[in-house]
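The residues making up each chain are set out below.
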Amino acid sequence: MRPLPIAIAISLVAGVAFAAPPVKTVETAKGNVLAAANGMTLYTFKNDKKGESSCYDSCATNWPPFMVEGDAKAEGAFTIVERKDGAKQWAKDGMPLYFWIKDKKMGDATGDGVKGVWDVVKP
């Protein structure tokens, strides 16, 4: 059997649609929370509106947005929010998702409750 020519193989891979964000449930001191594939806890910001992020500049430095990679598509509770710079960010139930810069390892959830406006995302 002959291998597929490289151009055909690349076009087959490029045509694959990516699914919702790679997330998983992680156990923390706050109970089970939603985390990205890297195991880092995800948060929502109470100052956001559904479908709209209000976390930019120093806020986004401390709370990096959970960005959409490639041609991923919204699925189920996971939607995509367009940021004001045109970048795309994951959201759950319409609320944009973020990481907390002070979480260092899987299971950290040190951002929960910060300034009364950040919450861990429950599965």
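This text follows the structure it describes.
These numbers come from a predicted model, not from an experiment. (Residues numbered from 1 in each chain as written. Predicted model: local features only at pLDDT ≥ 70, side-chain atom pairs only at ≥ 80, totals over all residues. Heavy atoms only, no water.)

Colleague: Honestly, the sheet that holds strand β4 (residues 78–82) in this entry has me stumped. Any pointers?
Modeller: Strand pairing in a sheet is mediated by backbone hydrogen bonds. Such pairs are either parallel or antiparallel. Pairing is antiparallel across the open sheet formed by three strands, whose spatial order is β4-β5-β6. Among the strands making up the open sheet, the edge pair consists of β4 and β6 (95–96). (Pairing = 2+ DSSP bridges. Helix = DSSP H or I, 4+ residues; strand = E, 2+ residues; numbered from the N terminus.)

Colleague: When you look at the pairing of strand β5 (residues 88–92) in this model, what are you seeing that I'm missing?
Modeller: Working note: regular strand, side chains alternate between the two faces of the sheet. The buried fraction of β5 amounts to four of the five residues, a majority that puts the element mostly inside the structure. Examined bridge by bridge, β4 and β5 share five bridges and lie antiparallel to one another. What sits directly across from threonine 79, in β5, is alanine 91. Looking at chain direction, β5 and β6 are connected through two bridges and run antiparallel. (Buried < 20%, exposed > 50% of the residue type's maximum accessible area, 1.4 Å probe, protein only.)

Colleague: I tried to follow the pattern of salt bridges on my own but got confused; where do I start?
Modeller: If charged atoms from side chains of opposite charge come close, those side chains can pair. Within the structure shown, the criterion is met by five salt bridges. Of the charged contacts in the structure, one is a salt bridge between lysine 46 and aspartate 119, with a shortest N-O distance of 3.7 Å. Remark: aspartate 119 occurs in strand β7 (residues 118–120) and lysine 46 occurs in the loop between β3 (43–45) and α2 (58–62); sequence separation between them is 73 residues. The exposure class assigned to aspartate 119 is partly exposed, which follows from its relative accessible area of 26%. (Salt bridge = Lys/Arg side-chain N within 4 Å of Asp/Glu carboxyl O.)

Colleague: Would you mind going over the side chain of aspartate 108 with me for this structure?
Modeller: Relative to the helices and strands, aspartate 108 resides in the loop between β6 and β7. For aspartate 108, a relative accessible area of 14% puts it in the buried group. Contacts of aspartate 108, omitting those with residues within four sequence positions, involve Thr41, Tyr43 and Asp103. (Contact = heavy atoms within 4.5 Å.)

Colleague: Explain the nonpolar core here, please?
Modeller: Across soluble globular proteins, nonpolar side chains show a tendency to be buried alongside one another. Ranked by internal contacts, the top residues of the largest apolar core, which has 13 residues, are Tyr43, Phe45, Cys55, Cys59, Trp63, Tyr98 and Trp118. Those elements giving two or more residues to this core turn out to be β3, α2 and β7. When near neighbours in sequence (up to four residues on either side) are disregarded, tryptophan 63 contacts Tyr43, Cys55, Tyr98, Phe99, Trp100, Gly111, Val114 and Trp118. In this structure, Leu34, Ala36, Phe66 and Ala72 belong to the second largest nonpolar core, which totals twelve residues. (Core = buried A, V, L, I, M, F, W, Y, C linked by side-chain atoms within 4.5 Å.)

Just geometry here; none of it tells us what the structure is for.
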